[in-house]
Amino acid sequence: MVRIDLKGLVREFTDGTKIGPIDLSIRDGELLTLLGPSGSGKTTTLRMIAGFIEAEEGALLFDGRDMVGIPPRERNIGMVFQSVALFPNMTVYQNIAFGPEMAEWSHEKTVERVEELADLLGIRDLLFRKISEISGGEAQRVGLARALAKQPALLLLDEPLSALDPQLRERLQTEIRRIQKKVKVTTIYVTHSQDEAFAISDRVAIINDGRIEQIGTPEELYDRPSNEFVARFLGSGNVLQGTVKQTEGGELCVDVLGVRLPLKGECKVGEEVKFSIKPEDIKIVIEKHITSATGTVTSILPQVGSFKITVDFQDRPIIVLTYDEELVSRLRENGDKQVSFFFEPDLAVILGE
Ligand SMILES: Nc1ncnc2c1ncn2[C@@H]1O[C@H](COP(=O)(O)OP(=O)(O)OP(=O)(O)O)[C@@H](O)[C@H]1O
Ligand SMILES: [Mg+2]
């Protein structure tokens, strides 16, 4: 296990693409996921940590030790890349044993380690098959076993499951999580899937355009996105904008497209604010004029255990999640589809830059 600190790490490519400055700390034994859109700098960040590319500015510390000039092979890292690069003509056993053998482990110790990992990953029966004779999902497990073989202090996983079908991906997510906790290896996981990130991580760092936007547990990010990018990227909220019209002891009245909505926060009169409100925190009522916020229901989509309702509010779609079947059947019968909606002011989150 190892603690990793990135302090103002910057990499600028010759074409001017700049990744960073990145500030990030990964705790000992933690599974932290870098989550962000394609091209946001996830792989580049991993490659800087691994030492395949050097940062131009900033510091990279492993347990407080500066990593400048330390070659990748001396960093005690196991890696799994997006497409698993296994040796196709070698057996599963030979692939997993490759690192220990290069490091001149004794034969007994190597066999013991390979068998231990094969049991952990459920690939014991495959040890003497060639890589060309196993499935993609099995190859992912072999890749993971190979990365863990030399008991690395740090595991870097770059979209290790992206090539798999959803069911297998879900199963392997659970396994990666279980194995990571069992062997207690500090892990940085890269994905652009929110579901995957939320399913396996202790904490998630949202990366966008080469910068970390927010770091937190899945719950923290989902409940309290700090800015519009995070709120939209996580789909955790309807993002609305308005002008503060009144304030009193932290209670605000905000004009949104001509409709006054109550919020909570420290803002001044006249200030423009953006806020996010989660679909499950908005309540719909059919009785008109209960609130001044009214809209038209444009779609009702059944989901597992709930309904996703889209309400057109001044030409903006407001997404509402409800479990209320009676409301949904009344909405379906209701001819004009007009509804009012409201939310508890303290459930809306004022967004920063
Ligand atoms: N060697 C390079 N030379 C120039 N630009 C590069 C180089 N490597 C990466 N980039 C650019 O840096 C940015 C970040 O790339 P990176 O591979 O880190 O993204 P990513 O977040 O891993 O994306 P993806 O989800 O698609 O894998 C991209 O704009 C990419 O084009
Ligand atoms: Mg990448």
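The model shown is predicted, which means the values in this text are computed figures rather than measured ones.

What counts, and where the lines are drawn
- Residues numbered from 1 in each chain as written.
- Chains lettered and ligands numbered in written order.
- Predicted model: local features only at pLDDT ≥ 70, side-chain atom pairs only at ≥ 80, totals over all residues.
- Domains from an automatic or database assignment.
- Contact = placed C-beta atoms within 7 Å.
- Nonpolar A, V, L, I, M, F, W, Y, C, P; charged D, E, K, R; others polar.
- Axes fitted to C-alpha atoms, helices over the stretch in contact; angles between N-to-C directions.
- Helix = DSSP H or I, 4+ residues; strand = E, 2+ residues; numbered from the N terminus.
- Parallel < 35°, antiparallel > 145°, perpendicular 65-115°, else oblique.
- Left-handed = near helix turned anticlockwise from the far one by under 90°.
- Pairing = 2+ DSSP bridges.
- Core = buried A, V, L, I, M, F, W, Y, C linked by C-beta atoms within 7 Å.
- Buried ≥ 20, exposed ≤ 12 C-beta atoms within 10 Å, placed from the backbone.
- Near = placed C-beta within 6 Å.

Colleague: Explanation requested: the domain arrangement of the protein in the structure shown.
Modeller: How large an interface is tends to be reported as the accessible area lost when its parts come together. Taken domain by domain, the protein consists of domain 1 (4–232) and domain 2 (237–351). Between the C-alpha centres of domain 1 and domain 2 there is a distance of 40 Å. Contact residues are listed per partner, giving six residues for domain 1 and six residues for domain 2. Each residue belonging to the side of domain 1 that touches domain 2 can be placed in one class, and the counts come to two nonpolar, one polar and three charged.

Colleague: Where do I start with the packing of helix α3 (residues 107–121) against helix α4 (residues 136–148) in this structure?
Modeller: Taken N-terminus to C-terminus, the directions of α3 and α4 make an angle of 140°; their axes are 10 Å apart at the nearest point. When the interaxial angle is binned, α3 and α4 end up oblique. Once α3 is placed against α4, the crossing between them reads as right-handed. Judged by residue contacts, L117, A118 and L121 of α3 engage R141, L144, A145 and L148 from α4. Looking at the contact of α3 with α4, its residues break down into six nonpolar, no polar and one charged.

Colleague: Whenever I open this one, the pairing of strand β17 (residues 306–313) confuses me. Can you help?
Modeller: Remember that side chains alternate between the two faces of the sheet whenever the strand is regular. Of the strand pairs in this sheet, strand β16 (residues 294–303) and β17 are connected by seven bridges, and their pairing is antiparallel. Bridging across to β17, L301 finds its partner in K308. Pairing analysis gives seven bridges linking β17 to strand β18 (residues 316–322), with the strands arranged antiparallel. Paired with I309 across the strands is V320, a residue of β18. Counting the residues that bridge the hairpin from β17 to β18 gives two residues, and of these Q314 lies at a positive phi of roughly 50°.

Colleague: What should I look at first to understand the nonpolar core in this one?
Modeller: In this structure, I96, L117, A145, L156, I188, I206 and F275 are the most contacted members of the largest nonpolar core, which totals 84 residues. Counting only domains with at least three residues in this core, you end up with domain 1 (4–232) and domain 2 (237–351). Aside from chain neighbours lying at most four places away, what touches A145 is I96, L117, A118, L121 and I123.

Colleague: Quick question: what am I supposed to make of the site of ligand 1 here?
Modeller: The environment of ligand 1 is formed by 13 residues, the closest being F13, S38, K42, T43 and T44. Of all the elements, helix α1 (residues 42–50) adds the most residues to the shell around ligand 1, at three residues.

Colleague: What is the right way to look at the sheet that holds strand β13 (residues 259–264) in this model?
Modeller: Think of a sheet as strands paired side by side through backbone hydrogen bonds, with each pair either parallel or antiparallel. Strand order in the open sheet formed by five strands is β13-β12-β11-β14-β20, and the pairing between neighbours is antiparallel. Because the sheet does not close on itself, it has two edges, and the strands there are β13 and β20 (349–351). Taken over all neighbouring pairs, the strand axes of this sheet differ in orientation by 45° on average, direction set aside. As paired elements, strand β12 (residues 251–256) and β13 share six bridges and run antiparallel to each other. In the sheet register, V254 faces β13, and the bridge partner there is L261.

Colleague: Just checking my understanding: could you explain the pairing of β12 for this structure?
Modeller: The pairing of strand β11 (residues 238–248) with β12 spans five bridges and is antiparallel. Counterpart to T243 in the pairing with β12 is D255. The antiparallel hairpin formed by β11 and β12 contains two residues in its connecting segment, where G249 sits at a positive phi of about 50°. Here β12 folds back onto β13 in antiparallel fashion, the turn holding two residues, of which L257 has a positive phi close to 50°.

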